[in-house]
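What follows is the residue order along each chain.
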Amino acid sequence: MEGLYAFCVGLLTACGIFLALRGRTFPVVVGLTLLSYGVNLFLFASGRLKLNSAAVLGQSAQHSDPLPQALVLTAIVIGFAMTAFVVILAMRARADLGNDHVDGRLPEAPKPRLARRSGGQ
Amino acid sequence: MLTWAVIIVAILICIALFLNLWRLVQGPSLQDRILALDTMYINSIALIILYGIHMGTGLYFEAALLIAMLGFVSTSALCKYLLRGDLIE
Amino acid sequence: MFTVKESRFLPMPFHSLLLFVVWLLLNNTMAFGHILLALFFGWSIPKLVSILKHGHPTIKRPWLTVRYFFMVMKDIITANIEVALMVLGPLKKLQPGFAAIPLDITSDLGVTLLASTISLTPGTVSAEISEDRKWLYVHALHLDNADELIAQVKQRYEIPLKEILGC
Amino acid sequence: MQHLAILPILIPLFTGAMLLLPPFRDILNRQRSLALVSVALQVIFAAMLLVTAASEGTQMYVLGDWQPPFGIVLVADRLSSMLVLLTTLLCAGALLYSCAGHDKSGQYFHSLFMFQVMGINGAFLTGDIFNLFVFFEVLLIASYALLVHGGGKQKTQAAVHYVILNLIGSSLFLFGLGILYGTLGTLNIADMAIQVRMLDESEAILAKAGGLLLLLVFGLKAALLPLHFWLPRTYASASAPVATLFAIMTKVGIYSIFRVHTVVFGEEANLLANIALPWLWPMAMGTLAIGTLGVFASPTLRVMTANLVIISAGTLLIAAALQTEHATSAALYYLVHSTLVTGALFLIADLISRQRGKAEDRFVKSRAMAQPRLLGFAFVIAALAIIGLPPLSGFVGKVLIMRAAESTAEIIWIWPLILISSLMVLVAISRAGTTLFWRVTSTSSSEEQVHPLEIAGITLLLAASPLLVIFGGPVTEFTADAAHQLHDLTQSVNALLPNSTALSGGNH
Amino acid sequence: MNDLIWIPLLPLLGTLVPLFASRFSRSACAFLTAGFPALALVLVLQLAPQVFDGETVRQSFGWIPQLGLELAFRLDGLALLFTLLILGIGLLVVLYARYYLSENDSMGKFYAYLILFMFAMLGVVMSDNLIQLWMFWELTSISSFLLISFWGHKTEARKGARIALTITGAGGLALLAGVLLIGNVVGSYSLHDVLASGDLIREHTVYPVILILVLLGAFTKSAQFPFHFWPPHAMAAPTPVSAYLHSATMVKAGIFLMARMYPVLSGTELWFLIVSMTGLATLLLGAYVALFKHDLKGLLAYSTVSHLGLITLLLGMGTDMAAVAALFHIINHATFKASLFMAAGIIDHESGSRDMRQLNGLWKYMPYTATLAMVAAAAMAGVPLLNGFLSKEMFFAETLHQDSLGSLSWMVPVFATLGTVFSVAYSLRFIHDVFFNGEPVNLPKTPHEPPRYMRVPVEILVALCLLVGIMPTYMIGDLLYAASAATLQGQVPEYSLSIWHGFNFPLLMSVVALAGGAVVYINRKELFQFQAQFPENDPKLVFEAVIQLIHRQISRVMELAENGSLQRYSYMMLSLAMVMMAEPLLDLNATAGHRPQIPVDAISITGAVLLAIGALATVIWNRQRMVALVALSVVGLIVSLMFAKFSAPDLALTQLAVEVVTVILLMLALFFLPQTTPKESSPKRVARDLGIAAIIGGVIGTISYALMTRPLDSISTFFLENSKTGGGGTNVVNVILVDFRGFDTLGEITVLGIAALGIFKLIARMRLYMPASDGDGRPWSQDSHPLMLSVVSQSLLPLALLVSAYIFLRGHNMPGGGFIAGLITSVAIIQQYIAHGVDWIKARMKLDYQLMIGSGITIAALTGLGSWAFGRPFLTSWFDHFHLPLVGEFELASAMLFDLGVFLTVVGATMLILANLGKLTTSERPVLKEHD
Amino acid sequence: MATWLEGLIALVLIIGGVFLLIGSIGLVRLPDLYTRLHGPTKATTLGMAGLLLASSVVSSITQGSISVHEWLITLFLLITAPVSANMIAKTAMHHDLTPWKRTKGQELVDPASRQAPPSDHHSVKDGKLP
Ligand code: NA
Ligand code: NA
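Residues numbered from 1 in each chain as written. Chains lettered and ligands numbered in written order. Predicted model: local features only at pLDDT ≥ 70, side-chain atom pairs only at ≥ 80, totals over all residues. Heavy atoms only, no water.

Visitor: Explain the overall build of chain A to me, using residue names and the numbers behind them.
Guide: Helix and strand content of chain A: three helices and zero strands. Starting at the N terminus, the α and β elements of chain A follow one another as α-α-α. The long-range share in chain A, meaning contacts at least 24 apart out of those at least 6 apart in sequence, stands at 47%. With the model as given, the accessible surface of chain A reaches about 3,000 Å², and the carbon-plus-sulfur share is 55%. (Helix = DSSP H or I, 4+ residues; strand = E, 2+ residues; numbered from the N terminus. Contact = heavy atoms within 4.5 Å. Areas by Shrake-Rupley, 256 points an atom, 1.4 Å probe, with all protein chains shown as cover.)

Visitor: An account of the coordination of the sodium ion (ligand 2) is requested, with residue identities and associated values reported.
Guide: Put simply, a metal with four donors set out as a tetrahedron has ideal angles of 109.5 degrees, and one with six donors set out as an octahedron has ideal angles of 90 or 180 degrees. Residues and elements named next belong to chain E. Looking at the sodium ion (ligand 2), the protein donor atoms are M356 (O), L359 (O), N360 (OD1), D433 (O) and D433 (OD), and they sit 2.0 to 2.4 Å from it. Ordering the donors of the sodium ion (ligand 2) by residue number gives the pattern M-x2-L-N-x72-D. A residue pair is termed long-range when its members are at least 10 positions apart, and L359 in the loop between α17 (320–351) and α18 (367–381) and D433 in helix α20 (residues 411–435) qualify at 74 residues. Among the residues examined, L359 registers a relative accessible area of 0% and is labelled buried. Residue classification places D433 among the buried positions, given a relative accessible area of 7%. (Donors = N, O, S within 2.8 Å, 3.2 Å for Na, K, Ca; no water. Buried < 20%, exposed > 50% of the residue type's maximum accessible area, 1.4 Å probe, protein only.)

Visitor: Got a sec to walk through the interface of chain F and chain B? Specific residues and values, please.
Guide: The parts lose accessible area when they come together, and the size of an interface is often stated as this lost area. Contacts between chain F and chain B engage 45 residues on the former and 43 residues on the latter. For the pair chain F and chain B, the summed buried surface comes to about 3,900 Å²; carbon and sulfur atoms form 82% of the total. Contact with chain B buries surface across chain F, with F:L27, F:V28 and F:I73 losing the most and accounting together for 14% of the total. Taken together, the connections running from chain F to chain B amount to one salt bridge. Across the pair B:D32 and F:R36 runs a salt bridge whose closest N-O atoms are separated by 2.3 Å. Counting across the chain F and chain B interface gives nine residue pairs in polar contact (both at pLDDT 80 or more). (Buried area = accessible area lost by both parts, 1.4 Å probe. Salt bridge = Lys/Arg side-chain N within 4 Å of Asp/Glu carboxyl O. Polar contact = N/O pair within 3.5 Å; in protein donor to acceptor, adjacent residues only side chain to side chain.)

Visitor: Help me get a handle on the sheet that holds strand β1 (residues 97–102) of chain C, residues and values and all.
Guide: Note: strands within a sheet are paired through backbone hydrogen bonds, in either parallel or antiparallel orientation. Spatially, the three strands line up as an open sheet ordered β1-β3-β2 (chain C), and their pairing is antiparallel. Across the chains shown, the open sheet's two edge strands, defined by having one partner strand only, are β1 and β2 (124–129) of chain C. Each adjacent strand pair in this sheet contributes to an overall mean axis angle of 30°, direction not counted. When β2(C) meets strand β3 (residues 135–140) of chain C, the two strands line up antiparallel, connected through five bridges. In the strand pairing of β3(C), C:I129 is matched with C:L136. Against the sheet, helix α4 (residues 70–94) of chain F touches β1 and β2 of chain C, its axis set at about 60° to β2(C). (Pairing = 2+ DSSP bridges. Axes fitted to C-alpha atoms, helices over the stretch in contact; angles between N-to-C directions.)

Right, dumping it as structure tokens:
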């Protein structure tokens with residue numbers, strides 16, 4: 001099972017990173033979301049996997065490590081806040097810059113030659 | 001007997017999930033995919049309930065309840081998007 | 001019997017009842033403390049959300065409601081089995097179709113309940129409601145005769161619903 | 001004051017929250033008053049904390065009364081309390097400046113400002129690695145929001161880069177944390193230092209990957225090569241008081257490297273001793289070099305200042321890489337100096353830019369400023385300090401760092417790099433200054449006058465530079481003690497884990 | 001205790017005087033300004049007898065021990081010599097400037113800079129600590145920058161100042177390195193210790209490095225070849241500045257440094273070679289170039305360079321006598337050069353030009369000034385009875401005595417004579433070309449004598465030239481002796497300051513020089529023509545061009561490196577992450593540990609396949625954004641199922657709720673974004689990104705596997721054991737969140753609250769393009785709020801809230817808690833927004849989300865604060881069990897109040913975001929024409 | 001637990017599972033979206049009901065007290081499933097998804113997608129009351 005789980009973590013991470021490297025804001029955000037899934041699963045697994053042993057006292061004979069779970073919960077919430085921000089930022093960037101490229105300019109556009117070099121003094 | 005039944009049902013649901021996945025990948029329309037996702041939510045509820053029976057615990061009931069609620073929200077939001085683009089207008 | 005006027009104290013009595021029951025369901029208990037809590041939530045939540053209330057449903061015939069409920073349950077089971085057979089059966093025999101059901105029921109809740117019932121029961125899914133609320137478009141998995149379907153729906157579901165809701 | 005150590009976090013937190021609530025929420029003047037009172041309190045308490053930490057030893061605050069390593073602790077030793085005081089001072093300067101009207105150009109300014117300070121102070125004070133992550137996120141999200149304060153294309157654009165890079169960074173942080181928890185089984189930094197010594201070989205290998213990931217994340221915050229790319233544009237486009245506050249953010253990264261990679265992965269880490277070192281050297285030198293090139297190539301004063309921040313990060317990291325008490329002490333002095341001065345320089349750049357009309361702070365011919373003497377004076381002070389010319393604080397910091405490298409093999413790299421960097425900065429800033437102030441078309445037509453609060457803010461920050469020289473003796477003595485404390489692992493671990501003997505052996 | 005420190009301190013205080021005094025009359029301003037330096041001069045003179053007695057007056061205060069910096073001053077002979085020059089000539093310059101500066105010039109600023117510079121110079125010469133010396137050294141660079149750029153609106157002034165600053169700044173940095181090395185070798189920066197450690201230093205392996213670094217400092221400051229080009233450009237400064245900087249002070253600082261370090265660094269082959277050869281080259285080059293300058297000040301500037309070369313050459317010879325000669329020439333040069341500059345200033349001031357092609361025959365217009373200038377120029381040329389003659393004689397004598405170049409030693413006196421020939425020639429030119437040589441050409445003003453007191457400084461200096469030249473022993477015997485003793489730090493050689501030493505070789509050389517100079521000057525036309533063949537390369541232009549070139553190249557490099565491409569930045573970061581993670585793993589022999597593994601089952605495989613396909617589908621379909629979202633939802637669902645499966649019900653709940661809200665947010669944003677992503681990544685980039693993504697994924701997977709298969713001892717046992725007894729809850733995860741690590745949670749909700757505020761800021765004033773049709777060009781449906789959805793959503797709301805309350809209340813003991821409850825509530829409200837729209841809700845429900853956030857954080861934080869009342873640390877929890885009749889037993893815990901804060905913040909933040917996003921648009925849609 | 005009860009529960013469980021599977025088979029097998037909608041909306045409700053019934057009984061027995069909260073999920077699904085189906089069908093019609101060629105009353109799709117009465121369209125032959 002651990003191997004399968006690790007495979008899932010790795011795959012999510014890889015997919016997330018690939019998308020995070022795209023040039024448009026939306027795929028990047030989606031990639032970051034995928035990446036955060038991978039991260040959360042990874043962090044969770046740092047407490048090792050256990051079946052039927054939720055960290056609720058009196059419900060099962062043994063208990064899984066509650067600490068990583070608490071950490072992941074915090075991480076999920078923070079990740080949510082961050083994703084929300086970056087999503088709206090992507091909208092704002094589209095509104096302000098006229099396109100949804102992460103650099104705010106489209107790659108086809110002719111590059112302005114040596115933008116704003118300081119003049120001689 | 002119950003254990004076996006649980007295993008059989010689990011396998012049935014797994015097959016169901018694979019079928020959902022097939023539809024989700026296959027499409028062809030977005031609606032098909034949304035429908036597949038919606039069905040997946042329901043099958044997941046079943047899976048969780050089954051897991052609860054198997055493990056003899058009620059700890060996962062809320063998860064099932066939540067999937068029921070949130071699956072609906074998700075499906076209606078996706079459809080609203082296709083209809084109007086803007087979810088909250 | 002249950003005709004309830006809008007009250008400030010209990011703005012949505014049916015919801016209050018529902019919530020009361022659901023709370024006890026959720027907690028799987030009849031402990032006194034939870035009954036108190038259930039009463040509290042049954043009172044407070046409707047009070048909170050009453051501001052978002054659309055119309056106020058009134059139930060004229062409660063016993064009919066119960067009958068309707070069990071009828072629908074029975075129909076769900078039959079419909080499920082029918083649909084299951086159709087799904088598993090040869091596709092060649094399948095004869096899907098659209099139908100437009102003229103509506104007599106007018107209230108939002110009535111239309112919604114009818115449409116829901118239709119979706120749940122005979123091999124039909126409510127697809128669309130016309131803007132003027134006079135037509136319900138349904139899709140049937142197996143449509144032999146549209147008129148028959150329409151008549152059945154009106155007879156079996158719409159009329160009781162109208163009675164229940166008193167409209 | 002039993003609760004002194006947590007006040008630098010709680011005061012801004014409560015202030016930030018209160019600013020959202022009725023008596024303050026819609027009235028800017030009330031917000032300003034509350035924020036200023038709050039920051040004054042913060043300065044006072046931070047100073048008290050510093051004095052207490054220096055006189056009575058490290059202050060440990062056990063949150064929730066759960067003893068370490070189980071609960072979260074705050075650790076106010078000399079180093080962290082010094083940085084907290086620095087943060088509050090910087091905040092005070094920036095806040096004074098912002099009250100001249102910069103806080104009007106968007107909502108929630110003061111609230112966000114407080115939250116950012118809370119995050120920074122928290123990051124400096126916490127003794128728990130996951131709590132450090134949380135405070136990192138607090139300061140980051142606040143910085144995202146503050147960055148877009150005032151609006152405009154450049155800010156949005158810079159924010160996209162800044163936010164996305166940091167989101168990836170946060171993910172890496174969590175990977176690192178997961179690895180470290182998965183091998184060490186603890187989150188308390190001091191306890192980690194103990195546990196790390198007991199790892200077997202294969203666990204140590206895994207923990208190393210985690211430790212290096214953390215190094216990368218801290219390096220991203222500290223803007224080290226090749227993770228610095230976000231900084232110039234971000235800092236240059238932020239509104240002035242915000243950029244000023246940002247000046248300390250890179251230091252949070254450097255501080256974390258000191259805290260984690262000196263304490264946990266330091267000399268005594270057994271298999272993992274000094275794992276960061278092979279990475280630190282090239283990063284540090286490269287950062288200093290790229291920052292210098294950046295300063296030289298900067299088209300505007302703000303970009304130049306941002307690049308100066310990178311230089312200071314590189315210089316600090318060199319000191320970190322030296323891993324000696326002397327170097328750390330030097331770094332701490334330099335840190336205080338460079339933070340305050342670059343902070344002030346952002347404010348000055350804003351004033352200059354306002355008085356130069358369309359040319360803003362670009363190094364081109366423009367109309368004359370309305371108050372060239374006032375601004376020129378401030379500019380010269382800041383410039384001298386940041387270049388590292390006597391008699392201001394820069395030279396002390398730089399010379400201290402050079403001296404710390406004196407007897408090491410790396411001297412043949414460090415000295416030339418620092419000196420050439422200084423020279424290039426000197427050339428670039430003298431070009432910049434002469435252009436900004438003297439290459440003018442006409443006398444000023446600008447009515448724009450500097451607001452007294454703006455002067456107050458800048459003065460507060462700049463005054464530190466000469467004071468740091470005049471009181472250089474006591475200050476360096478303090479930084480030396482702080483460095484000693486940091487490097488003296490047994491002392492710091494004992495301070496954190498009074499019952500650490502009970503834990504020895506790692507069997508919790 | 002003595003008052004040594006007041007000597008530099010008085011001028012420091014004096015810098016403030018002109019700033020205040022400038023409001024009075026110009027004379028008052030000058031007078032007041034002169035006060036403090038004059039006082040300092042008095043102090044110096046007071047101490048002079050002690051110094052003449054061979055005493056070294058010292059005073060020091062501790063400052064920054066870590067740095068080796070102390071405030072330490074010394075007054076020995078060398079310092080005394082320079083102090084007198086600095087203060088004496090400085091005072092004359094103050095007087096002179098009073099008349100020189102025009103009404104437009106800010107006198108206060110000028111004097112302030114000048115006195116500041118004086119302070120810096122005094123600091124340099126009086127320092128008893130090397131770091132301190134360096135500090136003042138740099139201060140001279142800075143203050144001279146301010147002086148040179150005094151007329152900053154002139155391009156010349158800006159450039160000249162920058163060149164000076166760059167060159168001397170560079171030298172200063174080299175000096176710093178040298179000083180630090182010396183300190184390292186000696187173990188002290190105290191001059192006292194350093195001067196006593198000459199042998200130690202000379203024998204140390206780093207001696208050559210130290211020597212070169214220190215000399216770089218000295219040479220740049222003293223404009224030695226190849227740094228000789230900055231003083232001429234500093235001529236853009238007002239003439240009083242030139243008179244001061246280029247006679248007695250700035251450029252002499254380098255000479256001073258060599259003299260100061262003489263006992264430590266000199267006496268080696270290397271010293272001789274570098275110093276004397278540099279001096280010789282400078283001497284020749286300066287003198288030669290000076291001849292061709294048409295600008296009066298240019299001529300003087302190069303002449304200065306040449307004389308500095310001469311002094312350097314003397315110091316380089318390494319003999320004691322040569323050092324004495326050098327010191328003597330320092331004095332002489334200061335006097336005649338200062339007076340010459342002042343005279344040049346007067347000429348410029350009164351005639352409006354400094355160009356010798358315009359200036360002719362001024363003798364007629366200003367005979368008195370002309371006389372003074374001619375005397376000074378004669379001193380410069382080394383005419384007998386003037387001070388220049390004496391030191392030049394000594395110089396010639398020394399050139400004859402040295403033999404370090406072996407069989408080539410004869411070249412030194414020959415070149416020295418040659419240099420002096422040019423020196424005589426340019427001096428002649430100065431006299432003849434300006435004061436005689438016909439009539440003035442196109443002068444802006446008709447020249448006349450200057451104001452009376454403007455001449456006084458020149459008169460005093462010229463008088464000194466004469467007096468020293470005539471009675472040297474009486475005038476400066478003691479001073480020179482003391483200075484020599486201090487410089488040599490030992491026995492002063494026998495020397496004679498008499499005017500007449502008989503017929504000897506030096507005299508012959510002088511005669512040759514004077515005659516040769518005259519010949520050269522007479523034949524200057526040919527020489528000018530010869531020189532005209534060479535293209536004139538203005539060093540300033542070259543310098544600027546080099547700087548510009550560096551600037552351009554660096555800008556280009558930086559634009560390549562920091563090209564503003566996020567993709568590249570991310571890639572770099574991730575590459576580094578990859579290397580950092582993968583590098584240790586190469587040493588990992590066995591990935592799997594010994595912890596028993598869980599067997600795989602069908603459900604897990606199904607889950608894994610669903611997750612994998614979902615994730616891959618998200619990637620593959622990422623360009624059809626909506627489809628990608630659906631695929632993403634699958635992944636989110638499976639992830640929460642995984643949490644459920646592996647015993648983390650709280651996580652499953654949270655993940656579910658967050659995932660749905662996230663997808664809703666993404667859809668909200670997607671409405672305003674393009675519906676598809678254009679294909680713009682090149683195959684190469686895609687392959688590259690795939691590669692790095694795959695490797696990082698692989699590495700992370702490997703690490704995860706390696707961790708999971710190894711046993712872990714963690715602190716968690718403590719939480720399991722103390723959750724019920726110490727935290728009052730059985731859901732350990734929740735107890736950790738609200739109690740053990742409640743501080744994290746406080747931070748976390750703060751993050752959420754801040755995010756909401758930030759998003760609010762982003763939304764404010766956002767101008768968005770609202771698409772009139774969907775991605776495929778279909779018009780939007782006109783049914784904005786479908787009936788069934790509205791009705792059902794409405795009736796679900798109370799149910800959802802009830803569930804939310806349920807989840808909230810049980811959180812402490814069972815899976816749930818404030819955060820999940822908050823999200824459920826939020827989702828329920830969002831559903832109302834989706835079903836009914838913003839306007840509808842807004843008209844009915846007036847929830848103040850900002851207030852909710854603020855009070856949520858406040859409640860949570862106040863709960864934590866509550867423990868202070870009981871003398872416990874922040875966030876110490878409290879709980880107890882109560883028993884009420886009928887109700888039975890129940891528990892109250894402070895953690896619940898904390899959780900309420902969490903709940904409120906979550907609802908407030910989520911809703912602030914979504915409700916405000918909703919406000920961006922209206923339900924009014926442009927209706928596209930229907931086809932009928 | 002009594003064997004007959006266990007057997008009964010097992011049977012209910014399996015029936016539930018089968019219906020769930022059939023719903024998903026329908027999703028794959030049926031020819032167009034409109035027909036596929038039927039599978040999940042119906043078969044699954046019954047399937048879920050079976051599972052939840054079994055769960056309710058099992059946990060009632062294991063916990064020793066009646067466990068009925070499972071019915072809440074059924075309630076939720078009963079309320080929401082028709083709406084989900086309705087929304088999907090709405091979007092399908094809005095997007096003019098072509099029904100399977102053998103579908104009767106296809107002409108209704110157009111007025112339906114505009115929420116107009118069926119008469120709004122040209123002649124309606126099938127599926128409309130006279
Ligand atoms: Na809207
Ligand atoms: Na002439």
